[in-house]
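Remarks on the overall topology
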Amino acid sequence: VLILCFQAKLTLPHPQAWHAVRRSFELEQTTAPQEKLHLITDCMHVTSEEGEFSFVKLPPVRSTSKHGAHWMAPGGGGSAEGGTDPEQLLDGQGGSGGGSAVCGVYFVADPDQTIEVTMKQVNVDCRTGGLMAFVDGWELNGQYFPGERDHEKPLELRVQEFCADQPAGAGGPWGSAAKPVGPVSNAWVFRSSQNAALVQYRIPERGSFVLSARFHHNPKPCNIMAEGLAPYYMLRNYGQRRNCTLTALFPAVVSIVAVEVGEINESVRYCERPRMEDRLEVGGSSGLDPSYQLVRASTLCGRSRGRMDLDQTILCGTTSVRLISSGRYSNQAMVTMRMADETDLQLATVICEM
C-alpha cells in the first residue's frame, strides 16, 4: 500500500506545471484567426467580403537573346518583340493597375454596416506619378455615391489621397517604404459613413499595397448601396434634415411597400410640386449620382394605411430611391428592389439611354 501511494504521489504534476499549461492554452484560444487573403487581379475589383487584399505590380524585364532584345512581363507573362516600348505592356489593357489607369477596390457591405479600411503596407511612389485614395462611398466616371448633395461631409473630406515614396535602391517588391501596422507606424485607417467604400490606386511603373477591410454595425443607416440580396430596404431620416438614397447599379423593379413622408394625417399621393420639401423620389439615371439628371418615375408623400406594393420598372444603368427630408418630420419608407428581366420590359415606367 505504501508503494502504491508513493507512486501515485510521483505521478501528480507540480502545481506550477498546471499554471503553465493553463496559460499556454489560454494564449492559444485568444490568438486572432488569420485573415483571408484576396489577390487583386482586375482593375475594377468589387467585393462584399472582409479580409486582406493584396496587389503587386512589377515592371517588365528586358532580356536579350540571339533573336534580339525584347520586353517580357515578370514571370514570362508576355513579350513585345523588336524593342517595343514597355509602356505598351502597361497601358491599362492587360490587367490591374496598368499604365496611368486609375483602378479601384470597391467594397459593398450589408445595408446596416460601415466599412473600415486599414492600409497595412503601402509602396506607391509619388515621384513616378503613383497615388492612392480612399473614397467615402463609390466613384464612377466622375460621379459619386452618395451624391454630393446627399452626403453629410463635403467631397474634399470624403476623398483622402496618400502615397509613399520608395527610396532609391530599395530591394524586394515591397521596398522600405512599406508601412506595417504598429503603434509607431502611423498606419492609415479609414472608415466609411455607409455600406460602400472605395480604395483607388494609380501605379504607372511598380508598386504594391496590402489593405485590411472590416465591417462594423451602423445603428442609423441612411445611404445604401443595394447589392440586390436583401428582402427589403428601409430608408429613414431619423427626424433630421438630410437626404437618404437607395441606389442599385442595374435596371430594377422597385416596389414601394410602405411610406410615411411628411404630414402623417394625409394619405399617400403624388407630390410633384417643386416646393414640397419632404418627398420620396423613384427613378433612374445613367450616372452614379441620382441628384443629377434623375429621370423620375414617381414622387410620393403622405402616409400609407397598409401594404402598398406599388411596382415600378426602372430600365436605367442606375436605379435610385431618394428620401428628401426637411427635418420637420420623421420620414421613412420600406422598399424592395430586384433586378429587372425580360418579362418587365413591357411594363417599364422609365427608360434611360444606356
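Residues numbered from 1 in each chain as written. Predicted model: local features only at pLDDT ≥ 70, side-chain atom pairs only at ≥ 80, totals over all residues. Heavy atoms only, no water.

Under an unreviewed UniProt entry, the name given to the protein chain is Corticotropin-releasing factor-binding protein, and the source organism is Anopheles epiroticus. Under the Subcellular location (unreviewed entry) heading, UniProt states for the protein chain: "Secreted". (UniProt positions renumbered as here; feature names shortened; annotations may be inferred.)

If you trace the 5 strands from one edge of the open sheet to the other, you get β2-β7-β14-β9-β12, paired in mixed fashion. This sheet does not close on itself; its edge strands, each paired only once, are β2 (44-47) and β12 (159-162). Across the sheet, the axes of successive neighbouring strands diverge by a mean angle of 15°, strand direction being ignored. Bridge count for strand β9 (residues 131-135) against strand β14 (residues 196-202) is 5 bridges, and the pairing is antiparallel. Directly across from phenylalanine 134, in β14, lies its bridge partner valine 199. (Pairing = 2+ DSSP bridges. Helix = DSSP H or I, 4+ residues; strand = E, 2+ residues; numbered from the N terminus. Axes fitted to C-alpha atoms, helices over the stretch in contact; angles between N-to-C directions.)

A general tendency of soluble globular proteins is for nonpolar side chains to be buried together. Residues Leu235, Leu246, Val254, Ile256, Leu280, Val321 and Met337 are the most contacted members of the largest nonpolar core, which totals 30 residues. The dominant element in this core, judged by the number of residues it contributes, is strand β19 (residues 252-261), at 5 residues. Aside from chain neighbours lying at most four places away, what touches methionine 337 is Ala226, Tyr233, Leu246, Ala248, Ala252, Val253, Val254, Thr319 and Val321. Membership of the second largest hydrophobic core comes to 25 residues, among which are Cys103, Ala109, Ala197 and Tyr201. (Core = buried A, V, L, I, M, F, W, Y, C linked by side-chain atoms within 4.5 Å. Buried < 20%, exposed > 50% of the residue type's maximum accessible area, 1.4 Å probe, protein only. Contact = heavy atoms within 4.5 Å.)

Before going further, it helps to examine the pattern of salt bridges. Two side chains that carry opposite charge are able to pair once their charged atoms sit near each other. One pass over the full model with this rule turns up 12 salt bridges. The partner of aspartate 125 in a salt bridge is arginine 127, and the shortest N-O contact between them spans 3.2 Å. What makes aspartate 125 buried here is its relative accessible area of 10%. Among the charged side chains, a network of salt bridges with common partners joins Asp150, Arg279, Glu281, Arg296 and Arg322. (Salt bridge = Lys/Arg side-chain N within 4 Å of Asp/Glu carboxyl O.)

Strand order across the open sheet formed by 5 strands is β1-β3-β15-β8-β13, with mixed pairing between neighbours. Among the strands making up the open sheet, the edge pair consists of β1 (37-39) and β13 (188-191). The sheet shows a mean angle of 25° between the axes of neighbouring strands, direction not considered. Examined bridge by bridge, β1 and strand β3 (residues 51-57) share 3 bridges and lie parallel to one another. By the bridge assignment for β3, leucine 37 is matched with glutamate 52.

Turning our attention to the state of the cysteines. Two cysteines, two sulfur atoms, one covalent bond between them: this is a disulfide. For the coordinates displayed, the defined rule picks out 5 disulfides. Residue pairing for cysteine 316: its cysteine sulfur links by disulfide to cysteine 352, the two sulfurs lying 1.9 Å apart. Since a negative S-S torsion denotes a left-handed disulfide, the cysteine 316-cysteine 352 link at about 65° is right-handed. Separated by 36 residues along the polypeptide, cysteine 316 in the loop between β23 (310-315) and β24 (318-324) and cysteine 352 in the segment after β26 (348-351) bring together distant segments of the chain. The two residues cysteine 316 and cysteine 352 agree in class, both being buried. (Disulfide = S-S within 2.5 Å.)

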